[in-house]
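Structure assessment
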Amino acid sequence: MLIKRGPEIPSSEVTPESVYHGRRTFLKKAAFATAGLATAGVAGPLTSSARPQNPGWNRPPAGPYNTDEDLTSFKDITTYNNFYEFGTDKDDPYKNAGDFKTRPWRLTIEGEVRKPAAYELDDFLKPYKLEDRVYRLRCVEGWSMIIPWLGFPIGDVVRKVEPTSRARYIEFTTLHDPRQMPGQKRPVLNWPYVEGLRMDEAMHPLAIFVVGLYGKELPNQNGAPFRIVVPWKYGFKSCKSIVKIRFVENEPRTTWNIAAPNEYGFYSNVNPDVDHPRWSQKFERRIGEFRKRRTMMFNGYGDQVASLYTGMDLRKHF
Ligand SMILES: Nc1nc2c(c(=O)[nH]1)N[C@H]1C(S)=C(S)[C@@H](COP(=O)(O)O)O[C@H]1N2
Ligand SMILES: [Mo]
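For the structure given in this document, a descriptive report is provided here. (Residues numbered from 1 in each chain as written. Chains lettered and ligands numbered in written order. Predicted model: local features only at pLDDT ≥ 70, side-chain atom pairs only at ≥ 80, totals over all residues. Heavy atoms only, no water.)

1. Brief notes about the site of ligand 1
Defined as follows: Throughout, the term near means that a residue has one or more heavy atoms lying within 4 Å of the molecule or strand in question. Here a polar contact is taken to be a pair of N or O atoms separated by no more than 3.5 Å, where protein atoms must pair a possible hydrogen donor with a possible acceptor and residues adjacent in sequence count only if both atoms sit in side chains. Here the Shrake-Rupley method, with its probe set to 1.4 Å, supplies the accessible areas, and only the displayed protein chains count as covering residues. Polar here means any residue outside two lists: the nonpolar Ala, Val, Leu, Ile, Met, Phe, Trp, Tyr, Cys and Pro, and the charged Asp, Glu, Lys and Arg; Gly therefore counts as polar.
Inspection of the region around ligand 1 gives 15 residues, with Asn 81, Glu 85, Cys 139, Arg 227 and Lys 240 positioned closest. Asn 81 places a polar side-chain atom, nitrogen or oxygen, 2.7 Å from an oxygen atom of ligand 1. Between an oxygen atom of ligand 1 and a side-chain N or O atom of Asn 222, the distance comes to 3.0 Å. The fraction of the free accessible surface of ligand 1 (540 Å²) that becomes covered by protein chains is 99%. Broken down by class, the residue content of the shell around ligand 1 amounts to six nonpolar, six polar and three charged.

Written out as structure tokens, the structure is:
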């Protein structure tokens, strides 16, 4: 078993007054509560720039989802990114996303749901329990990281908004604001960035909404203020800086699939047996290591997710 799940925050810790007073208080409290750490000695301002000095993150709480592999450093996680809205080099998001405004942040939920709504993000987040989980983030380019995300299951939201019987997929859309996201001034991709999941994939407890990492609020370059992480799929499925969640009947057209349909399919499950047309997907480099590792089917989460694809030809549905 590769991954384990952290304990839930006791509801006594999640009082509206103390937790939702302000977003910094809110994230700090959630992070420390889920890490199971005494607040004394580790409390400090929750800023994206501060380097984590918290050894507790290397010892995630026991449970069925967390890996005990060494965490990738905060520095690597926040300076080696793909976020084309801020440039196509790996350090562009770190260099160019610093002034990105993540509040106020309007989030809409629409399409085939009984309870469509538009929210201010902080209001939207109030009812959801925050849990910290350690996931391996996979990227199609052949690197991997172990990142202690702070997030909660997409399914928690889906159940609340009550999809209709026609809802078979969920589409996630990134903010479109070329004044703030200089990469959107050029037709590098079909803006805004769109990704999608089949409903049962989205309902899997490993498919999460993320608001933080390493016990801090999400750095802009990692998709602040609100993104998804789908750890058994290649990195590009994990859409950043989401403003719209739309429930739809038909498989959504997704950004990388539009850009290069023969290279990037809708499913994009990590699969060492299916080469990308321009490179092998058999090996990966764990950031911080020199020797390559063998890539695992479903990024090592096969026990958890393989049953979602029973009977499907994963060479055809790549
Ligand atoms: N909006 C948006 N989301 C995005 C991307 C992007 O360019 N724009 N890049 C994707 C790719 S290719 C990867 S590998 C992951 C990287 O996430 P990370 O920088 O937090 O590691 O974000 C994904 N989500
Ligand atoms: Mo990626």
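Here the narrative resumes.
2. Let's talk about the packing of aromatic side chains
What counts, and what does not: Whether two aromatic rings pair depends on their centres lying within 6.5 Å, for rings of Phe, Tyr and Trp, where Trp uses its six-membered ring; planes under 30 degrees apart make the pair stacked, over 60 edge-to-face, and the rest tilted. Burial status follows relative accessibility: with a 1.4 Å probe on protein chains alone, a residue under 20% of its type maximum counts as buried, one over 50% as exposed, and anything between as partly exposed. By the criterion adopted, a ring carries a charge over it if an Arg CZ or a Lys NZ lies within 6 Å of its centre and within 35 degrees of its normal.
In total, this model carries 19 aromatic pairs according to the counting rule given. Centre to centre, the rings of Phe 100 and Trp 105 are 5.8 Å apart; their planes meet at 80°, and the pair counts as edge-to-face. Residue class for Trp 105 comes out buried when judged on its relative accessible area of 2%. Each ring, one from Phe 266 and one from Tyr 267, has its centre 5.3 Å from the other, and the planes form 90°; the classification is edge-to-face. Residue classification places Phe 266 among the buried residues on the basis of a relative accessible area of 5%. Classification of Tyr 267 by relative accessible area gives buried; the value is 6%. Ring pairs connect the aromatic residues Tyr 119, Phe 124, Tyr 128, Phe 152, Phe 172, Phe 209 and Phe 226, which therefore count as one cluster. The lysine or arginine in question, Lys 237, covers the ring of Phe 266, its NZ or CZ lying 4.1 Å from the ring centre.

3. Some points on the environment of Leu 137
Stated formally: Counting from the N terminus, the helices are DSSP H or I runs at least four residues long and the strands are E runs at least two residues long. The contact definition used throughout considers only heavy atoms, calling two residues in contact when any of these lie within 4.5 Å.
Checked against the element boundaries, Leu 137 lands in strand E3 (residues 131–138). Judged by its relative accessible area of 13%, Leu 137 falls in the buried class. For the pair Leu 137 and Trp 149, spaced twelve residues apart in sequence, the C-alpha to C-alpha distance is 9.7 Å. Apart from the residues within four sequence positions on either side, Leu 137 is in contact with Trp 143, Ser 144, Met 145, Ile 147 and Trp 149.

4. Here we look at the sheet that holds strand E1 (residues 106–111)
The strands making up a sheet associate through backbone hydrogen bonding, with each pair oriented either parallel or antiparallel. Spelled out, the test is: Here, a strand pair is defined by DSSP locating no fewer than two bridges between the strands. Every axis corresponds to a line fitted to the C-alpha atoms, with the helix fit spanning only the stretch in contact, and the corresponding angles, defined between N-to-C directions, vary from 0 to 180 degrees.
Reading across the sheet, the five strands line up as E2-E1-E10-E5-E6 and stay open at both edges, with mixed pairing between neighbours. Two strands bound the open sheet, and with one partner strand each, they are strand E2 (117–120) and strand E6 (194–198). On average, each strand axis in the sheet is tilted by 15° relative to the strand beside it, whichever way the strands run. As defined by bridge partners, E1 adjoins E2 across four bridges and the pair is classed as antiparallel. Looking across to E2, one finds that Ile 109 is bridged to Ala 117.

5. Focus on unusual backbone geometry
Look at the link from Arg 103 to Pro 104: it is a cis peptide, with omega at -10°. Within the element layout of this structure, Pro 104 appears in the loop between helix H4 (92–96) and E1. In this structure, the amide linkage connecting Ala 224 to the following residue, Pro 225, adopts the cis form with an omega of 0°. Tracing the backbone shows Pro 225 in the loop between strand E8 (216–217) and strand E9 (227–229). Despite not being glycine, Glu 162 shows a phi value in the positive range, around 55°. The exposure class of Glu 162 is partly exposed, given its relative accessible area of 31%. Here the phi dihedral of Phe 298 falls at roughly 50°; this positive angle occurs in a residue that is not glycine. Mapped onto the fold, Phe 298 is located in the loop between strand E12 (293–294) and helix H9 (302–305).

6. So, the environment of Glu 171
Its place among the elements puts Glu 171 in strand E5 (residues 169–174). For the pair Glu 171 and Val 194, spaced 23 residues apart in sequence, the C-alpha separation works out to 6.9 Å. Those residues within four positions of Glu 171 in sequence are excluded, and the remaining contacts are Val 194, Glu 195, Gly 196, Lys 244, Ile 245, Arg 246 and Pro 252.

7. Re the environment of Ser 144
For Ser 144, the position within the fold is in strand E4 (residues 143–153). Linking Ser 144 and Glu 284, residues 140 residues apart in sequence, is a C-alpha distance of 6.6 Å. Not counting chain neighbours up to four residues away, the residues in contact with Ser 144 comprise Leu 137, Arg 138, Glu 284, Arg 285, Arg 286 and Ile 287.

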